[in-house]
Amino acid sequence: MNKQTSIDLERSEPLDKSASKPATGISSSTPEEHALIVRNRRFDREHKTPRWWHSGDPVATAWYNSVSASLPRGEAFFIDTMRMFRDDVPEDIAREMKVFITQEINHTREHVAFNRLVSDHGYNVESIDQGIQAMLELTEGRPKEFNLAITIALEHFAAMISHHLLADPRYLAGADQEAADIWRWHATEEIEHKGITYDVWLHATKDWSRWKRYRVKTLIAMLITKKYFGNRIRDAIGLLEQDGFSRRKAKWKLYAFLWWKPGMMRRMFWEWSKILMPGYHPWNLDDRALINKPDSPYADAALPAE
């Protein structure tokens, strides 16, 4: 962490996970001893992040900038969706929801600041935010369970990206340290809270048949992932065009980055498909070791329980 970085750590009270099953009669795969922790980090607002902050590579920079620009409004949607269910869930889940919301508020704040730095370099990212808003407006008037299914699909995508960012140092190798720290911090908490939206879903749909729950979840996962991923590609290409690339060259280079080298999308495809399978739960992949792995710069952020 850059020495100039201002760090304000707050630890949430460790959640009692003695009951790992929602009060629905439906099993949850969330580990019993797993706790959510708020790491209220404030990154250095004065740090001079380079225009091509990821390894001097405009393509890698454009991809991550596209994702970052989509996050504040998307995370606000997750927060609003979870709040719709907070009065209807058991106490243990409600407590997790509270920590989840706090984490997402902090993520939003830091990515708003990061996106401001991107804008300061002359990029127009307002259209990305507007595109997210237009996509989310399609949910108006829908049942709240529909919004929750969208949240599950996007949180699944976020957890997969986070897993790869923390498991494989190649993905952020050469990136500006301050920018890389933001992504690793965010990834840590995305993995940590990846199961809560699905546990709320199990409770909210406890009166649904298994077939209905599976059908709604899988259809929305396919639709929203295709739309979100397609928009991220579109917007990353747009950012590269702002760097002077032709649309054809930008598209070719971005696809090579995503699918060939380092090829995160290629490596994530099988993991993504698991949301389409019966018996899916985010914690079927137990990657808690990534949260506090020994060489992680955030290992000291997870304070021990008192």
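Residues numbered from 1 in each chain as written. Predicted model: local features only at pLDDT ≥ 70, side-chain atom pairs only at ≥ 80, totals over all residues. Heavy atoms only, no water.

### Description of the packing of aromatic side chains
Counting across every chain of the model gives 13 aromatic pairs. With 5.6 Å between their ring centres and 85° between their planes, Trp 53 and Phe 114 make a pair best called edge-to-face. Note that Trp 53 is positioned in the segment before helix H1 (58-83) and Phe 114 in helix H2 (residues 91-120), a separation of 61 residues in sequence. The burial state of Trp 53 is the same as that of Phe 114; both residues are buried. (Phe/Tyr/Trp six-rings, centres within 6.5 Å; stacked < 30°, edge-to-face > 60°. Helix = DSSP H or I, 4+ residues; strand = E, 2+ residues; numbered from the N terminus. Buried < 20%, exposed > 50% of the residue type's maximum accessible area, 1.4 Å probe, protein only.)

### With respect to helix H6 (residues 196-204)
Along H6, 8 of the 9 residues are buried, which leaves the element largely enclosed by surrounding structure. Along H6, the residues that are buried comprise Ile 196, Thr 197, Tyr 198, Asp 199, Val 200, Trp 201, Leu 202 and His 203. Considering only its buried residues, H6 is in contact with H1, H2, helix H4 (144-167) and helix H7 (210-242). (Contact = heavy atoms within 4.5 Å.)

### Some words on empty space enclosed by the protein
Enumeration according to the criterion identifies 5 cavities of 30 Å³ or more in this entry. Within this model, the largest cavity holds a volume of roughly 300 Å³. Forming the walls of the largest cavity are 21 residues, and the residues nearest its centre are Val 67, Leu 71, Ala 158, His 186 and Tyr 228. Mapped onto the lining of the largest cavity, the elements with two or more residues apiece are H1, helix H3 (126-137), H4 and helix H5 (177-192). Ranked by the residues each element gives to the lining of the largest cavity, the list is headed by H4, at 7 residues. Here the residues of the lining of the largest cavity are counted per class, giving 14 nonpolar, 4 polar and 3 charged. (1 Å grid on protein atoms, 1.4 Å probe; cavity = no way out; pocket = protein on both sides within 12 Å on 5 of 7 lines; lining within 4 Å. Points joined across faces, edges and corners; volume = space filled by probe spheres on them. Nonpolar A, V, L, I, M, F, W, Y, C, P; charged D, E, K, R; others polar.)

### Notes on unusual backbone geometry
Cis geometry is found at the peptide bond from Lys 261 to Pro 262, where omega equals 5°. Assignment of secondary structure puts Pro 262 in the loop between helix H8 (247-259) and helix H9 (264-273). Its identity is not glycine, yet Ser 55 carries a phi of approximately 60°, on the positive side. Structurally, Ser 55 is set in the segment before H1.

### Thoughts on the packing of H4 against H5
For any two helices packed against each other, one specifies the inter-axial angle together with the distance between the axes. The interhelical angle for the contact between H4 and H5, taken along N-to-C directions, is 125°, at an axis separation of 8 Å. Here H5 runs oblique to H4, going by the angle between their axes. Considering how the two elements wind past one another, H4 and H5 form a crossing that is left-handed. Contacts between H4 and H5 pair Glu 155, Ala 158, Ala 159, Ser 162, His 163, Leu 165 and Leu 166 from the former with Trp 183, Arg 184, Ala 187, Thr 188, Glu 190 and Ile 191 from the latter. For the contact of H4 with H5, the class distribution of residues is 7 nonpolar, 3 polar and 3 charged. (Axes fitted to C-alpha atoms, helices over the stretch in contact; angles between N-to-C directions. Parallel < 35°, antiparallel > 145°, perpendicular 65-115°, else oblique. Left-handed = near helix turned anticlockwise from the far one by under 90°.)

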